[in-house]
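# Understanding the architecture of this molecule
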Amino acid sequence: MATPRDAEIRKDVQTYYGQVLKKSADLQTNACVTAARPVPQHIREALQNVHEEVSLRYYGCGLVIPECLENCWILDLGSGSGRDCYALSQLVGEKGHVTGIDMTEGQVEVANKYIEYHMEKYGFQAPNVTFIHGYIEKLEEAGIKNESYDIVISNCVINLVPDKRQVLQEVYRVLKHGGELYFSDVYASLELPEEIRTHKVLWGECLGGALYWKDLSILAKKIGFCPPRLVTANFITVQNKELENMIGDCRFVSATFRLFKLPKTGPTQKCQVIYNGGITGHEKELIFDANFTFKKDEAVEVDEETVAILKNSRFAQGFLIGPDGEKLPTCGAYTALEVKDVITDPFELAGRSDSAESRSSPAVGGCCSAKKCS
């Protein structure tokens with residue numbers, strides 16, 4: 001149940017994103033301007049097709065467009081002006097569908113304004129995108145049914161909701177078995193003190209409501225998700241001196257995670273898998289997360305949890321999965337990941353990313369150079 005404090009935070013966020021912010025340049029920190037890995041060509045093209053006004057009203061902390069999207073039904077939590085929704089609507093095709101939900105009426109109005117423009121640009125006979133005014137922790141009230149979506153995405157939004165468990169519980173409810181929550185958000189290196197959690201600007205800038213990163217795994221397990229799979233992470237530096245002093249020793253990262261909802265099946269064993277290269281935009285290799293990269297026609301030994309995900313999700317069609325404990329014939333290389341090498345800490349991954357970038361040129365573009373933290 002929402003507390004008076006929760007209602008106050010919601011009102012502050014609505015004001016911040018509905019009235020204070022008019023464009024991404026109005027942001028007071030660079031929490032929403034972190035570095036990104038290179039974006040596949042087909043996604044860059046889809047983003048370029050989005051109307052200029054929609055893109056200008058974009059404030060986010062990551063690119064949340066996962067792989068293997070054809071014909072999927074996708075829900076975008078905190079869809080803002082609709083930039084990600086419109087890019088995704090092109091990628092899922094006419095047989096797929098994208099729903100965006102946002103609590104800021106002004107943002108939803110901007111998104112709805114351009115439905116006809118985008119459908120005509122894509123050559124679609126009927127709209128495959130819908131925008132709803134509502135709250136991401138109250139999806140049932142917004143009319144979103146059980147097990148109705150293949151993928152739920154969220155871009156720098158969950159941190160703005162005080163009751164994060166309720167958000168994840170609702171996401172679990174609306175996902176089909178085998179579905180996933182693919183989301184970027186801001187995480188803290190420690191439990192945030194009261195003065196940060198009650199600071200209006202820090203809340204609006206996606207820092208005041210940041211979850212302590214270890215708590216994500218605890219929440220996911222309680223709800224029924226598989227353990228979070230870390231995809232990317234980058235440090236956030238706050239260049240506003242007053243806010244820097246307020247934050248003190250706390251550090252923040254923007255990180256992308258995958259959470260899968262799997263059907264209740266019997267135990268699996270680790271085995272070898274071979275990626276067939278059939279996913280659009282990832283024909284040579286599929287970077288599944290920070291720990292697993294699958295190169296076409298190469299055998300990779302994966303753990304029990306990864307086997308279960310690949311078998312029971314939309315990725316099943318992209319892999320040859322060997323019998324338990326047996327090796328697959330392959331003309332390519334063979335790799336295996338030691339358990340001790342698995343990265344789960346976004347701050348560790350961000351540190352590695354910083355070291356790698358210092359030895360090479362940075363990735364093209366920013367992962368959140370303009371969306372909506374709401």
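Before reading on, note that the structure itself is shown above.
My aim in this report is to walk through the structure given alongside it, one point at a time. Model, not experiment: these values are computed from the prediction. Numbering of residues starts from 1 in every chain and runs along the sequence as written. Only residues with pLDDT of at least 70 are given local features in this predicted model, and only at 80 or more are side-chain atom pairs given and counted; all residues enter the totals for whole chains, interfaces and linings. Each side-chain value is worked out from all heavy atoms of the structure, with water and hydrogens disregarded.

### Points about the environment of Thr-344
Mapped onto the fold, Thr-344 is located in the loop between strand 14 (334-336) and helix 13 (346-358). Burial status follows relative accessibility: with a 1.4 Å probe on protein chains alone, a residue under 20% of its type maximum counts as buried, one over 50% as exposed, and anything between as partly exposed. Exposure remark for Thr-344: the relative accessible area of 47% places this residue in the partly exposed category. Measuring from C-alpha to C-alpha, the distance between Thr-344 and Pro-228 comes to 8.0 Å, with 116 residues separating the pair along the chain. Contact partners of Thr-344, with chain neighbours within four places excluded, come to Trp-213, Leu-230 and Phe-257. Going along the chain from the N terminus, every DSSP run of H or I of four or more residues is numbered as a helix, and every run of E of two or more is numbered as a strand. In what follows, a contact means two residues having at least one pair of non-hydrogen atoms within 4.5 Å.

### Here we look at the packing of helix 7 (residues 164-174) against helix 10 (residues 213-223)
In this description, a line fitted to the C-alpha atoms serves as the axis of each element, helices being fitted only across the stretch in contact, and the angle between N-to-C directions of two axes falls anywhere from 0 to 180 degrees. At a minimum axis distance of 10 Å, the contact between helix 7 and helix 10 shows a crossing angle of 45°. Classified by the angle between their axes, helix 7 and helix 10 sit oblique to one another. When the axes of helix 7 and helix 10 are compared, the crossing they make is right-handed. Across the interface between the two elements, Lys-164, Arg-165, Leu-168, Gln-169 and Tyr-172 of helix 7 pack against Leu-216, Leu-219, Lys-222 and Ile-223 of helix 10. The scheme is simple: roughly parallel for angles under 35 degrees, roughly antiparallel for over 145, roughly perpendicular for 65 to 115, oblique for anything else. Helix crossings get a hand from a simple test, with the near helix turned counterclockwise from the far one by less than a right angle marking a left-handed crossing and a clockwise turn marking a right-handed one.

### Focus: helix 5 (residues 105-113)
Buried residues of helix 5: Gln-107, Val-108, Val-110 and Ala-111, and no others. Here the buried residues of helix 5 occupy an arc of 160° about the axis, which is enough to place them on one side. Exposed residues pointing more than 90 degrees away from the buried face of helix 5 are listed as Glu-105, Glu-109 and Lys-113. To obtain the arc, one takes the directions from the helix axis to the C-beta atoms.

### What to know about the nonpolar core
Note on terminology: a nonpolar core comprises buried Ala, Val, Leu, Ile, Met, Phe, Trp, Tyr and Cys residues joined through side-chain atoms within 4.5 Å. Counting residues in each nonpolar core, the largest one holds 38 residues, and the members touching the most others are Leu-75, Leu-77, Leu-168, Tyr-187 and Phe-225. Apart from the residues within four sequence positions on either side, Leu-168 is in contact with Ile-158, Leu-181, Leu-216, Leu-219, Ile-223, Phe-225 and Leu-259. Among the nonpolar cores identified, the runner-up in size contains 32 residues, and Ala-46, Cys-85, Val-108 and Val-231 belong to it.

### Observations regarding empty space enclosed by the protein
Both site types are read off a 1 Å grid over the protein atoms alone. A 1.4 Å probe that fits but cannot get out defines a cavity, while an open set with protein on both sides within 12 Å along at least five of seven lines defines a pocket; lining residues have an atom within 4 Å of a point. Grid points are joined across faces, edges and corners, and a volume is the space filled by probe spheres set on the points. For the structure shown, the criterion picks out four cavities of 30 Å³ or more. Taken as a whole, the second largest cavity holds about 60 Å³ of empty space. Taken together, Ile-158, Asn-159, Lys-164, Leu-168, Phe-183, Asp-185, Val-186, Tyr-187, Leu-211 and Leu-216 form the lining of the second largest cavity. Contributions of two or more residues to the lining of the second largest cavity are made by helix 7 and strand 5 (175-188). Broken down by element, the residue count for the lining of the second largest cavity peaks at four residues, all from strand 5. Residue composition of the lining of the second largest cavity, by class: seven nonpolar, one polar and two charged. Under the scheme applied here, ten amino acids are nonpolar (Ala, Val, Leu, Ile, Met, Phe, Trp, Tyr, Cys and Pro), four are charged (Asp, Glu, Lys and Arg), and all others, including Gly, are polar.

### Details of the side chain of Asn-155
Mapped onto the fold, Asn-155 is located in strand 4 (residues 149-155). Among the residues examined, Asn-155 registers a relative accessible area of 0% and is labelled buried. Whenever a nitrogen or oxygen atom comes within 3.5 Å of another N or O atom, the pair is scored as a polar contact, on the condition that within protein one atom can donate a hydrogen and the other can accept it, and that pairs from neighbouring residues in sequence are kept only if both atoms are in side chains. Engagement of the side chain of Asn-155 in a polar contact is seen with the side chain of Asp-84, the distance being 3.4 Å.

### Side note on the packing of helix 4 (residues 83-92) against helix 6 (residues 115-122)
Across the interface, helix 4 lies against helix 6 with an axial gap of 11 Å and an inter-helix angle of 30°. Classified by the angle their axes make, helix 4 and helix 6 are roughly parallel. Every pair of crossing elements has a handedness; the one defined by helix 4 and helix 6 is right-handed. The segment helix 4 lies against helix 6, with Tyr-86, Ala-87, Ser-89 and Gln-90 engaging Ile-115, His-118, Met-119 and Tyr-122. Of the residues that constitute the contact of helix 4 with helix 6, the class distribution is five nonpolar, three polar and no charged.

### As for the pattern of salt bridges
Within this document, salt bridges are pairs made up of a side-chain nitrogen of Lys or Arg and a carboxyl oxygen of Asp or Glu, the two lying within 4 Å of each other. Applying the stated rule across the entire model yields 15 salt bridges. Its salt-bridge partner being Glu-170, residue Arg-173 comes within 2.8 Å of it at the nearest N-O pair. You can see Arg-173 and its partner Glu-170 sitting in helix 7, three residues apart, about one turn around the helix. On the basis of relative accessibility, which here comes to 7%, the residue Glu-170 falls in the buried class. Note that Asp-297 and Lys-296 form a salt bridge whose closest N and O atoms lie 3.0 Å from each other.

### Details of the packing of aromatic side chains
Any Phe, Tyr or Trp ring, taking Trp's six-membered ring, that has another such ring centre within 6.5 Å forms a pair; planes under 30 degrees apart are called stacked, those over 60 apart edge-to-face, and the others tilted. This model, assessed by the stated rule, comprises 14 aromatic pairs. Arranged with centres 6.3 Å apart and planes meeting at 85°, the rings of Tyr-114 and Tyr-117 form a pair that is edge-to-face. We classify Tyr-117 as partly exposed; its relative accessible area is 36%. An aromatic cluster of three or more residues is present, and its members are Phe-260, Tyr-275, Phe-288, Phe-292, Phe-294, Phe-315 and Phe-319. In this analysis the charged atom, NZ for Lys or CZ for Arg, is taken to sit over a ring once it is within 6 Å of the ring centre and within 35 degrees of the ring normal. Over the aromatic face of Phe-288 sits the side chain of Arg-258, whose NZ or CZ is 4.6 Å from the ring centroid.

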